[in-house]
Amino acid sequence: MVCMTTFSYAGGFGIGPDMPENINTVNTFEGVNLTWGKSPESDGYKVYRRLPEQRHSVEIAEIEGADKNFFTDKTAESGKKYEYSVRAYKDIFLSRLSERKELVRLSQPTIEKVTLGDGCIELNWKKSAGAEGYYVYKKTAQGIEFLGNVKGDNNCFYEDKDVSERKSYTYTVTAYSGESRSSHEYKTSPIFVGTPKITSVENTGKSITVKWQKPKFADSFVIYRKGNNDTQWVKLKVLSSEADNFIDSDVKSGEIYTYTVRAISQKNYSGYNKSGVSLQCLNIPENFSAGNYNDGISLSWDAVEGAESYNVYRTYDKTTEIIGQTASVAYSDMNVEEGKTYTYSIKAVGFKSDMLSDSTENISCCVLKKPLNIAAVNMFDGIQLYWEKSNSATGYIIYRKNFGEMEWTKIRTVNSRNTNYIIDHDVQKDRMYMYTVQCVKNGVLGSFDVNGVSIRHIPSLGIKATLCPQGIKLQWSEIRNSSGYELFRKTDGDADWVKIGSIDASQTACIDGNPIYGKKNNYVVRVLFSDGGFADSTVSSAFGIDPNKPMVALTYDDGPSTEVTNRILDKLAQYNARATFFVVGERVNKYSDCLKRAVSQHCEIGNHSYHHKDLSKSTAEEIKQEIISTNTAVENITGVYPVVARAPGGAVNDLARENAGMPFIFWSIDTLDWKYRNAESVTEKVKNEVKDGSIVLMHDLYNSTADASDILIPWLTENGYQLVTVSEMMAVKGIEMKDGETYISGY
Ligand code: ZN
């Protein structure tokens with residue numbers, strides 16, 4: 001009841017009841033609570049209130065009863081400062097107005113939430129409008145502990161970090177404004193549970209692994225995740241108290257995921273890291289491979305969804321380093337040394353440089369560079385390919401392709417470092433082939449020259465060097481598409497081939513009119529092609545014999561025999577001289593070493609029948625048998641098929657001539673060495689009768705004949721005679737030998 005009365009003024013004259021004293025004001029939950037000292041004679045009290053800017057107080061309540069000395073102002077607005085005063089009344093008389101008591105009304109900041117935060121306890125309270133701030137207190141065994149001053153009436157939040165696991169705490173909050181305080185209320189927290197601390201979030205294979213440090217007490221853990229577009233945390237899984245990691249396999253490469261973890265202890269949930277820890281999911285790069293290419297190590301892998309680039313790691317000598325970063329899915333490490341083994345791995349890199357995928361497996365690769373100086377050469381029966389040995393390789397692989405083909409075909413594997421050549425027999429005449437070679441070491445394939453070497457297969461030019469009266473005649477088979485030929489010569493002992501002529505494409509023969517006399521002349525014919533390519537023939541040789549100087553053919557029958565034949569060969573070798581040995585077929589296997597030596601010294605092997613049989617008394621069949629079996633035996637041992645024959649005893653008839661199939665060689669000087677066995681008579685006979693073109697008959701069975709040869713060979717040489725074979729002499733003299741004909745000399 002509000003009632004203004006004019007008698008209030010009269011109180012000043014002592015007519016009314018006593019003035020109330022000891023006015024006290026305090027904020028309570030409901031409002032401002034006023035109390036005052038009783039005025040025992042009064043009928044009641046009137047309560048006045050005024051805002052500081054108002055001149056007059058306003059009566060806000062009338063309370064009946066002298067004992068009722070209290071009042072609660074429920075209409076005061078929080079944050080406003082009021083002055084309260086009281087009068088006692090009796091009948092119509094009023095006491096004087098009490099002293100004025102100031103107070104800022106502050107509503108109670110009731111704690112609405114006490115929750116567990118990330119390593120703290122969080123308090124939220126109701127705003128006390130108009131408050132300057134709040135004082136926060138905690139109740140402890142020692143009493144009430146002041147925690148902090150939170151300024152501003154809108155800041156209704158406090159975190160208490162000074163908390164221990166398995167304990168609960170009681171808090172209260174008071175609003176303040178100047179000297180005024182609000183009422184307050186205590187609130188007790190749940191028992192505190194520590195928050196698991198996330199230590200790492202990493203890509204592991206095709207999943208993401210979250211690891212955390214466990215709080216002291218936890219009964220279980222709960223994992224939450226937010227995807228790219230999620231605003232709310234999604235609960236992923238509850239894990240037992242032992243767990244300190246979680247593998248999230250339900251992830252997609254390229255997406256960003258954020259994780260947070262809570263602990264549960266005695267059914268209370270811990271707080272959690274509200275921003276969480278984020279990671280871009282990046283799958284492990286697949287199909288990672290490493291191999292030799294172009295003298296470096298070439299790496300490749302499959303692209304990873306969401307990756308911006310890739311880190312390339314190399315380990316060598318126990319040190320791992322990043323050797324490159326690339327946006328592509330391949331990398332070449334050119335900074336490598338031959339024979340060394342390097343180990344590589346790859347990680348995908350996301351939109352931030354520290355967001356990495358898991359590492360690929362380590363792949364090791366040994367550096368095997370291209371074989372050097374690969375060369376291809378035409379052979380009689382194929383193409384020979386050779387290259388420099390590699391000290392790193394355990395073998396080689398040889399590839400071939402036909403001209404114009406794209407793909408190399410493996411044609412050969414060589415399992416030895418030291419076998420640095422092959423012959424490819426599977427080739428066709430006049431075709432172009434390309435070859436390349438790759439080193440191999442324990443299954444590791446090396447780099448190879450992708451261009452390789454090219455060669456046109458010229459199987460055989462059939463080059464043949466033969467003596468003729470003008471010098472040495474060279475013949476070869478015609479090569480289609482050739483644009484000409486070049487002739488090269490080298491004598492034994494010379495280092496280099498010398499070009500001695502160019503030959504028109506229409507020719508397939510020429511004569512070297514100036515061979516080096518007394519030496520073996522070796523020839524190569526080079527086929528030229530209009531495209532600039534060329535192919536060389538194999539080598540053919542002939543001795544250079546001067547047709548303008550005298551010559552003699554020494555012949556020895558009935559051998560070979562070890563001691564005598566070798567003595568004769570020793571002397572021939574000493575004078576760079578040659579002779580013709582007419583051998584008996586049944587002896588050649590037993591004395592094969594002598595035979596081989598004679599051929600190696602460029603002597604001629606002739607046919608002296610197989611059983612030293614009188615051919616003039618033999619049947620046609622026997623004649624053929626005697627001749628052919630001897631030639632075959634000689635060819636089997638020496639590789640040379642004889643082209644001249646001498647009948648035993650010089651006995652031939654028409655049947656022998658018709659069936660021998662070879663020219664018969666007689667003699668112009670018969671030394672009768674077999675009869676006298678005397679070196680002197682042999683040498684005298686020869687010295688007396690010899691002339692240019694002589695054919696001398698001896699037998700390499702007797703030491704006396706070897707003694708005679710020791711004298712004759714030097715003597716003849718010193719007297720200007722060239723010691724040649726029968727075939728050489730006939731060729732130089734221009735005598736064409738025919739089968740079945742007999743020849744006595746070169747003149
Ligand atoms: Zn004989």
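Bear in mind the structure is a predicted one, so any value in this text is a computation, not a measurement.

S.K.: What's the story with the overall build of the chain in this structure? I'm lost.
M.R.: Broken down by element type, the chain carries eight helices and 55 strands. By the compact-globule yardstick of 27 Å for 747 residues, the chain is too spread out, its C-alpha radius of gyration being 62 Å. Oriented by its inertia axes, the alpha-carbon framework of the chain measures out at about 195 × 50 × 45 Å. Buried residues in the chain amount to 47% of all 747 residues. Taking all contacts inside the chain whose residues are at least 6 apart in sequence as the whole, residues at least 24 apart take part in 65%. When the accessible surface of the chain is summed, it comes to about 36200 Å², and 46% of that surface belongs to carbon and sulfur atoms.

S.K.: Looking at this structure, I do not really get the sheet that holds strand 29 (residues 330-333). What am I missing?
M.R.: Strand-to-strand pairing in sheets goes through backbone hydrogen bonds, with the strands running parallel or antiparallel. Pairing in this open sheet of three strands is antiparallel, and the strands run 25-26-29 from one edge to the other. In this open sheet, the two edge strands, each paired with only one partner strand, are strand 25 (289-293) and strand 29. Neighbour to neighbour, the strand axes of the sheet diverge by 25° on average, direction disregarded.

S.K.: I would appreciate a short explanation of the pairing of strand 5 (residues 70-73) in the present structure.
M.R.: The two faces of the sheet receive side chains in turn, since in a regular strand these alternate between them. Residues Phe 71 and Asp 73 of strand 5 are buried on one face, while the alternating residues Phe 70 and Thr 72, pointing to the opposite face, are not. Bridge analysis of strand 2 (residues 32-35) against strand 5 gives four bridges, and the strand direction is antiparallel. Bridge pairing in strand 5 links Val 32 to Asp 73.

S.K.: Even after reading the chapter, I still don't get the coordination of the zinc ion, so can you show me in this structure?
M.R.: Ideal geometry at a metal gives 109.5 degrees between four tetrahedral donors and either 90 or 180 degrees between six octahedral ones. For the zinc ion, every protein donor is listed as Asp 558 (OD), His 608 (NE2) and His 612 (NE2), and the spread of their distances is 2.1 to 2.2 Å. Its relative accessible area of 15% is what places Asp 558 among the buried residues. In this structure His 608 comes out as buried when scored by relative accessible area, which is 2%.

S.K.: Would you take a moment to explain the environment of Val 304 for this structure?
M.R.: Relative to the elements of secondary structure, Val 304 occurs in the loop between strand 26 (296-300) and strand 27 (309-316). Judged by relative accessible area, which is 7%, Val 304 ranks as buried. Placed 50 residues apart in sequence, Val 304 and Gly 254 show a C-alpha to C-alpha distance of 8.1 Å. If near-sequence neighbours (up to four positions away) are discounted, Val 304 is found in contact with Ser 253, Leu 282, Asn 283, Ile 284, Pro 285, Tyr 310 and Ala 348.

S.K.: Help me out: how do you make sense of the packing of helix 6 (residues 679-689) against helix 7 (residues 703-718) in this one?
M.R.: The relative placement of two packed helices is expressed as an angle between their axes plus a distance between the axes. Two elements in contact, helix 6 and helix 7, have axes separated by 8 Å at closest approach and are oriented at 35°. In this structure, helix 6 meets helix 7 at a crossing whose hand is right-handed. Of helix 7, the residues touching helix 6 (which contributes Ala 679, Val 682, Thr 683, Val 686 and Lys 687) are Ser 704, Asp 707, Ala 708, Ile 711, Leu 712 and Trp 715. Split into classes, the residues belonging to the contact of helix 6 with helix 7 amount to seven nonpolar, two polar and two charged.

S.K.: Would you mind showing me how to read the sheet that holds strand 18 (residues 207-213) here?
M.R.: The strand order 17-18-21 describes an open sheet built from three strands, whose pairing is antiparallel. Each edge of the sheet is formed by a strand with only one pairing partner; in this case those strands are strand 17 (197-204) and strand 21 (245-248). Mean inter-strand twist for the sheet, computed between neighbouring axes without regard to direction, equals 15°. Relative to strand 21, strand 18 runs antiparallel, the two being bridged by four bridges. The residue of strand 21 that forms the bridge with Lys 211 is Asn 245.

S.K.: How should the nonpolar core be read in this particular structure?
M.R.: Across soluble globular proteins, you tend to see nonpolar side chains buried next to one another. Ranked by size, the top nonpolar core spans 41 residues in total, and within it Ile 121, Trp 125, Tyr 171, Ile 208 and Trp 212 carry the most contacts. Here the element with the most residues in this core is strand 22 (residues 256-265); it accounts for four residues. Counting 33 residues, the second-largest nonpolar core is a separate cluster that includes Cys 603, Ala 708, Tyr 721 and Leu 723.

S.K.: I tried to follow the pattern of salt bridges on my own but got confused; where do I start?
M.R.: Side-chain pairing between opposite charges can occur once the charged atoms of the two side chains come close. Using the criterion set out here, one finds 32 salt bridges in the structure. Lys 81 is the salt-bridge partner of Glu 102, the closest N and O atoms lying 3.7 Å from each other. Placement of Glu 102 in strand 8 (residues 101-104) and of Lys 81 in strand 6 (residues 81-90) is noted, with a sequence separation of 21 residues between them. On the basis of relative accessible area, Glu 102 is assigned to the partly exposed category, the value being 46%. A relative accessible area of 38% means that Lys 81 is categorised as partly exposed. Of the charged contacts, one joins Lys 685 and Glu 689 as a salt bridge, the two residues approaching to 3.0 Å between their closest N and O atoms.

S.K.: Before we go on, may I ask you to explain the pairing of strand 28 (residues 319-326) in this structure?
M.R.: Relative to strand 28, strand 27 is paired through seven bridges, and the arrangement is antiparallel. The residue bridging Tyr 316 from the neighbouring strand is Thr 319, located in strand 28. Counted along the chain from strand 27 to the antiparallel partner strand 28, the turn is two residues long, and its residue Asp 317 has a positive phi close to 55°.

S.K.: Can you help me understand the side chain of Thr 555 in this one?
M.R.: Here Thr 555 lies in strand 48 (residues 551-557). Engagement of the side chain of Thr 555 in a polar contact is seen with the backbone oxygen of Val 696, the distance being 2.6 Å. Ignoring any residue separated from it by four or fewer positions in sequence, one finds Thr 555 in contact with Thr 580, Phe 582, Arg 646, Ile 695, Val 696, Leu 697, Met 698 and Val 726.

S.K.: In this structure, what is going on with unusual backbone geometry? I would like to understand it.
M.R.: In most cases, non-glycine residues show a negative phi, while peptide bonds are predominantly trans. Going from Gly 559 to Pro 560, the amide bond is cis rather than trans, its omega being 0°. Position of Pro 560 among the secondary structure elements: in the loop between strand 48 and helix 1 (562-574). You will see that Lys 267, though not glycine, has its phi angle at about 70°, which is positive. Turning to its location among the elements, Lys 267 is positioned in the loop between strand 22 and strand 23 (268-269). Look at Lys 267 and you get exposed, because its relative accessible area is 76%. One non-glycine residue, Asp 317, lies in positive phi territory at about 55°. Of note, Asp 317 is situated in the loop between strand 27 and strand 28.

S.K.: I keep staring at the environment of Cys 468 and nothing clicks. Help me out?
M.R.: Among the structural elements, Cys 468 can be located in strand 40 (residues 464-468). For Cys 468, a relative accessible area of 9% gives the class buried. Here the alpha-carbon distance between Cys 468 and Glu 728, two residues 260 residues apart in the chain, equals 8.4 Å. With residues up to four places along the chain from it excluded, the contact list for Cys 468 reads Lys 473, Ile 511, Ala 731 and Val 732.

Each value, and the rule that gives it
Residues numbered from 1 in each chain as written. Predicted model: local features only at pLDDT ≥ 70, side-chain atom pairs only at ≥ 80, totals over all residues. Heavy atoms only, no water. Helix = DSSP H or I, 4+ residues; strand = E, 2+ residues; numbered from the N terminus. Rg over C-alpha atoms; globule rule 2.2 N^0.38 Å. Buried < 20%, exposed > 50% of the residue type's maximum accessible area, 1.4 Å probe, protein only. Contact = heavy atoms within 4.5 Å. Areas by Shrake-Rupley, 256 points an atom, 1.4 Å probe, with all protein chains shown as cover. Pairing = 2+ DSSP bridges. Axes fitted to C-alpha atoms, helices over the stretch in contact; angles between N-to-C directions. Donors = N, O, S within 2.8 Å, 3.2 Å for Na, K, Ca; no water. Left-handed = near helix turned anticlockwise from the far one by under 90°. Nonpolar A, V, L, I, M, F, W, Y, C, P; charged D, E, K, R; others polar. Core = buried A, V, L, I, M, F, W, Y, C linked by side-chain atoms within 4.5 Å. Salt bridge = Lys/Arg side-chain N within 4 Å of Asp/Glu carboxyl O. Polar contact = N/O pair within 3.5 Å; in protein donor to acceptor, adjacent residues only side chain to side chain.

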